[in-house]
Amino acid sequence: MSAGTTGPETPAAVVTLCSTPRLAHLRNQLAALAGSGVPRVVVWVGDDDPPELDAERILTVPPGAAGLRLAAARNAGAGEAAGAGAELLIFLDADCVPGADLVDRYRSAHDEHRDAVLCGPVTYLPAGAGLGADELRAATAPHPARPVPAPGQVQRAGEEEYPLFWSLSFALGAETFAAVGGFDDAYEGYGGEDTDFAFALRSAGVPLLWVGGADAYHQHHPTTSPPWQHLDDILRNGEIFARRWGRWPMGGWIEAFAAAGAITWTGDTWQRVPS
């Protein structure tokens, strides 16, 4: 990471969740952070033992009865990092490689806005993209669905923008994370827990800031849209979310499943159509 701060730096840590299918991507991320001086905390979420990893701290949160426990794993990683002295928690998806300025941009924004949650831009890389600093800089093309302030600038999200929060890349103070109670570990399997967290932030009045220049780069892997392999998870977690917040999350996917005839509205919830 580039050096752009003066005086004592806020102690930070990067927290990442991973299982075997994303191991190669994780190793790229860990390599990119190796010279940052920031501890790397890996939470292994698979049902196997974690491999040897170039990370300062490794802990395991195995799957639950309904699937991967991503919410519980983020909470565990945050607790591990904070217990080791981190005041700033930087969460990166295992697929994401940090840009050269990500840590410094998040740290600077946190120093100015200590009670805020910070979200940097994410660029989706094509297959075979190079991961060198110059290659990433040239490839920068942040996802257009979210605000992208100029590097060094921050932009406060309006209340209507909180649903745009995503967990690929974000940062916040350890005290703020503890104050809002972290992620709701009732969510297991795929989907919903990050939007629930965003709604909890909004409900608690925690500012959400878009941080220009805190770029992360999502490494390519095959995806499906809608994610049919996660249909049952989405229905289960969507119902948890709806009971809490009065609306269903992941609306685009729900609409796609319904249009395909896979789910139906019963009058108070979505459920699978019997095959």
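Source: prediction; values computed, not measured. (Residues numbered from 1 in each chain as written. Predicted model: local features only at pLDDT ≥ 70, side-chain atom pairs only at ≥ 80, totals over all residues. Heavy atoms only, no water.)

Draft legend 1. Up close: the sheet that holds strand β11 (residues 216–218). Within the open sheet, the three strands sit side by side as β5-β11-β7. Their pairing is mixed. Both edges of this open sheet fall to β5 (96–98) and β7 (122–124), since each of them pairs with a single strand only. When strand polarity is set aside, the average angle formed by the axes of neighbouring strands in this sheet is 25°. As judged from the three bridges shared by β5 and β11, these two strands associate in the antiparallel manner. The residue of β11 that forms the bridge with Cys-96 is His-218. (Pairing = 2+ DSSP bridges. Helix = DSSP H or I, 4+ residues; strand = E, 2+ residues; numbered from the N terminus. Axes fitted to C-alpha atoms, helices over the stretch in contact; angles between N-to-C directions.)

Draft legend 2. Region of interest: the pattern of salt bridges. As enumerated under the stated definition, the model contains 14 salt bridges in all. The partner of Asp-104 in a salt bridge is Arg-107, and the shortest N-O contact between them spans 4.0 Å. With Asp-104 and Arg-107 both in helix α3 (residues 102–112) and three residues apart, the pair spans about one turn of that helix. Taking relative accessible area as the criterion, Asp-104 reaches 10% and is therefore assigned buried. The exposure class assigned to Arg-107 is buried, which follows from its relative accessible area of 5%. (Salt bridge = Lys/Arg side-chain N within 4 Å of Asp/Glu carboxyl O. Buried < 20%, exposed > 50% of the residue type's maximum accessible area, 1.4 Å probe, protein only.)

Draft legend 3. Region of the structure containing the environment of Glu-112. Considering the arrangement of structural elements, one finds Glu-112 in helix α3. By relative accessible area, which is 63% here, Glu-112 ends up exposed.

Draft legend 4. Spotlight on helix α2 (residues 70–83). For α2, with 14 residues, the first-to-last C-alpha span of 20 Å sits near the 20 Å given by 1.5 Å per residue. All of the buried residues in α2 are Leu-70, Ala-71, Ala-72, Ala-73, Arg-74, Gly-77, Ala-78 and Ala-81. (Expected span 1.5 Å × (residues − 1).)

Draft legend 5. Structural context of the packing of helix α6 (residues 193–204) against helix α7 (residues 231–245). Contact geometry for α6 and α7: axes closest at 11 Å, N-to-C directions at 15°. The orientation of α6 relative to α7 falls into the category roughly parallel. Taken as a pair, α6 and α7 cross one another with a handedness that is left-handed. Only Phe-241, Arg-244 and Trp-245 of α7 make contact with α6, whose side of the interface consists of Thr-195, Asp-196, Phe-199, Ala-200 and Ser-203. The residue makeup of the contact of α6 with α7, split by class, is four nonpolar, two polar and two charged. (Parallel < 35°, antiparallel > 145°, perpendicular 65-115°, else oblique. Left-handed = near helix turned anticlockwise from the far one by under 90°. Contact = heavy atoms within 4.5 Å. Nonpolar A, V, L, I, M, F, W, Y, C, P; charged D, E, K, R; others polar.)

Draft legend 6. Region of interest: the sheet that holds strand β9 (residues 169–173). Strand order across the open sheet formed by eight strands is β3-β2-β1-β4-β9-β6-β10-β8, with mixed pairing between neighbours. The two strands at the open ends of the sheet, each matched to only one other strand, are β3 (57–60) and β8 (154–156). Each adjacent strand pair in this sheet contributes to an overall mean axis angle of 25°, direction not counted. When strand β4 (residues 88–92) meets β9, the two strands line up antiparallel, connected through five bridges. Bridging across to β9, Leu-89 finds its partner in Leu-172. Set on the sheet, α2 makes contact with β1 (12–18), β2 (40–44), β3 and β4; between it and β1 the angle comes to about 150°.

Draft legend 7. Fine view of empty space enclosed by the protein. If you walk through the whole model with that rule in mind, you get one cavity of 30 Å³ or more. Estimates place the volume of the largest cavity at around 70 Å³. (1 Å grid on protein atoms, 1.4 Å probe; cavity = no way out; pocket = protein on both sides within 12 Å on 5 of 7 lines; lining within 4 Å. Points joined across faces, edges and corners; volume = space filled by probe spheres on them.)

Draft legend 8. Representation of the pairing of β2 within the structure. The element β2 is largely enclosed, with a buried count of five among its five residues. Burial along β2 is two-sided: Arg-40, Val-42 and Trp-44 and Val-41 and Val-43, pointing in opposite directions, are all buried. Across five bridges, the pairing between β1 and β2 is parallel. In the strand pairing of β2, Leu-17 is matched with Val-43.

Draft legend 9. Spatial organisation of the packing of aromatic side chains. If you walk through the whole model with that rule in mind, you get 16 aromatic pairs. Relative to Phe-177, the ring of Phe-91 has its centre 5.7 Å away and its plane inclined at 25°; by these criteria the two rings are stacked. Here Phe-177 lies in helix α5 (residues 174–180) and Phe-91 lies in strand β4, a separation of 86 residues in the sequence. Ring centres of Phe-199 and Phe-241 lie 5.1 Å apart, and the angle between their planes is 70°; this geometry places the pair in the edge-to-face category. Note that Phe-199 is positioned in helix α6 and Phe-241 in helix α7, a separation of 42 residues in sequence. One aromatic cluster is present, built from ring pairs that chain together Phe-91, Phe-165, Phe-170, Phe-177, Phe-183 and Phe-197. The side chain of Arg-74 reaches across the aromatic face of Phe-183, ending 5.0 Å from its centre. A cation over an aromatic ring shows up here: Arg-146 above the ring of Trp-166, its NZ or CZ 3.6 Å from the ring centre. (Phe/Tyr/Trp six-rings, centres within 6.5 Å; stacked < 30°, edge-to-face > 60°. Lys NZ or Arg CZ within 6 Å of the ring centre and 35° of its normal.)

Scope: geometric values only; no functional claims are made or implied.
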